[in-house]
Amino acid sequence: MNQTHQRDKAEFVHSVFESIAADYDKMNNVISFGSHIAWRNYTMKQMGIKPGQTALDVACGTGDWTIALAQTVGPEGKVIGLDFSQNMLDIGAYKISQKKVDNIVTLVNGDAMKLPYEDNTFDFVTIGFALRNVPDIQTVLNEMARVVKPGGKVVSLEVSKPPFKPYRQLFYLYFYKILPLIAKWTINKYEQYAWLPQSLTNFPDSRELATMFQKAGLDPVQVKLFMGGVAALHMGTKP
Ligand SMILES: C[S@@+](CC[C@H](N)C(=O)[O-])C[C@H]1O[C@@H](n2cnc3c(N)ncnc32)[C@H](O)[C@@H]1O
């Protein structure tokens, strides 16, 4: 993707999330049948994050993963949630104060493609359901790998492509055709959700994404598929 296309994609994605922010949490539950919560809980256990540690949640949106990280690191730790949609961050800020973790979390309006942090800063750098949305996946992974400390982990949870073809076709039918209709009926936003599924078309499958983690200098890289591969966890350690 050349720079003009990258800028166009970023502007478009930005406008989508600015417009759906108020409905995002509700739709997230509907779309994944609430499964994203179990996937995140499993991921947190695999990460082994402990009280007092630091984490950066890239493209944090309305902050569900940011909050889970803050509840685990506790008052001795520090979590930064970064996103380029102020409307998503504003909803996140409200939830963070409701959960009383605002002393642990700092929200930052910033770009995942150019993280405003020094090399080797965080114990964990996470990205949830957002790698599909960024202009250049490898740039974002390189940035995440740059700011994580040696021995720290870069973690992605993302929609994926089920390896078993008949099941994949069924999932695509849901994701490409039914999901935008659900968005139309529930929140009257068809276009925004008609585009989101398409973001999967050019997205790497779980093996290809693991290779991109390795290219970012992460090794070893663990992969776990959820529900036959409709979502995947990738976790890479910085040597
Ligand atoms: C599908 S939401 C995921 C939000 C959250 N991580 C979660 O798991 O619910 C994708 C988020 O990525 C953000 N985003 C997309 N591209 C970005 C970029 N280049 N820089 C920062 N945030 C970005 C959007 O604003 C949106 O909040």
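Note that the coordinates shown come from a computational prediction; the quantities given were computed from them, not determined experimentally.

Asker: What is the right way to read the site of the ligand from this model?
Answerer: In the vicinity of the ligand there are 18 residues, among which Tyr24, Ala59, Asp83, Ala112 and Gly128 approach most closely. In this structure, Asp83 approaches the ligand through a side-chain N or O atom, which is 2.6 Å from an oxygen atom. Backbone polar atom of Phe84 to a nitrogen atom of the ligand: 3.3 Å apart, as the coordinates give it. Surface burial for the ligand is 97%, taken as the share of its 600 Å² of free accessible area covered by protein chains. Where the shell around the ligand is concerned, the elements lending two or more residues are helix H1 (3-20) and helix H2 (24-31).

Asker: Would you take a moment to explain the pairing of strand S4 (residues 122-128) for this structure?
Answerer: One face of the sheet, then the other: side chains in a regular strand alternate in exactly this way. Counting buried positions over the 7 residues of S4 gives 7, a clear majority of the element. Where strand S1 (residues 54-58) and S4 come together, 4 bridges link them in parallel fashion. In the strand pairing of S4, Leu56 is matched with Val125. Examined bridge by bridge, S4 and strand S5 (residues 148-159) share 6 bridges and lie parallel to one another. From the neighbouring strand, Phe124 faces S5, where its bridge partner is Lys153.

Asker: Before we go on, may I ask you to explain the environment of Ile178 in this structure?
Answerer: For Ile178, the position within the fold is in helix H7 (residues 165-187). With relative accessibility at 37%, the residue Ile178 sits in the partly exposed group. Taking the C-alpha atoms as reference, Ile178 lies 35 Å from Lys153; in sequence the two are 25 residues apart.

Asker: Even after reading the chapter, I still don't get the packing of aromatic side chains, so can you show me in this structure?
Answerer: Inspection of every chain in the model, using the stated rule, returns 8 aromatic pairs. Aromatic side chains Phe171 and Tyr172 sit 6.3 Å apart centroid to centroid with 45° between the ring planes, which places their arrangement in the tilted category. Accessibility expressed as a relative area gives 18% for Tyr172, which makes it buried. Over the ring of Tyr42 we find Lys224, and its NZ or CZ is 5.2 Å from the ring centre.

Asker: Before we go on, may I ask you to explain the pattern of salt bridges in this structure?
Answerer: Opposite charge on two side chains permits pairing when their charged atoms draw close. Applying the stated criterion across every chain, the model contains 7 salt bridges. With its nearest N and O atoms 2.8 Å apart, the salt bridge here joins Asp119 to Arg146. In this pair, Asp119 is assigned in the loop between strand S3 (105-109) and S4 and Arg146 in helix H6 (residues 137-147), connecting sequence segments 27 residues apart. As a salt-bridge pair, Arg132 and Glu158 come within 2.9 Å of each other at their nearest N and O atoms. In this pair, Arg132 sits in the loop between S4 and H6 while Glu158 sits in strand S5, placing the two residues 26 residues apart along the sequence. With a relative accessible area of 8%, Arg132 lands in the buried category. Residues joined in a network through salt bridges with shared partners are Asp25, Arg40, Asp64 and Lys95.

Definitions and cut-offs
- Residues numbered from 1 in each chain as written.
- Predicted model: local features only at pLDDT ≥ 70, side-chain atom pairs only at ≥ 80, totals over all residues.
- Heavy atoms only, no water.
- Near = heavy atom within 4 Å.
- Polar contact = N/O pair within 3.5 Å; in protein donor to acceptor, adjacent residues only side chain to side chain.
- Areas by Shrake-Rupley, 256 points an atom, 1.4 Å probe, with all protein chains shown as cover.
- Helix = DSSP H or I, 4+ residues; strand = E, 2+ residues; numbered from the N terminus.
- Buried < 20%, exposed > 50% of the residue type's maximum accessible area, 1.4 Å probe, protein only.
- Pairing = 2+ DSSP bridges.
- Phe/Tyr/Trp six-rings, centres within 6.5 Å; stacked < 30°, edge-to-face > 60°.
- Lys NZ or Arg CZ within 6 Å of the ring centre and 35° of its normal.
- Salt bridge = Lys/Arg side-chain N within 4 Å of Asp/Glu carboxyl O.

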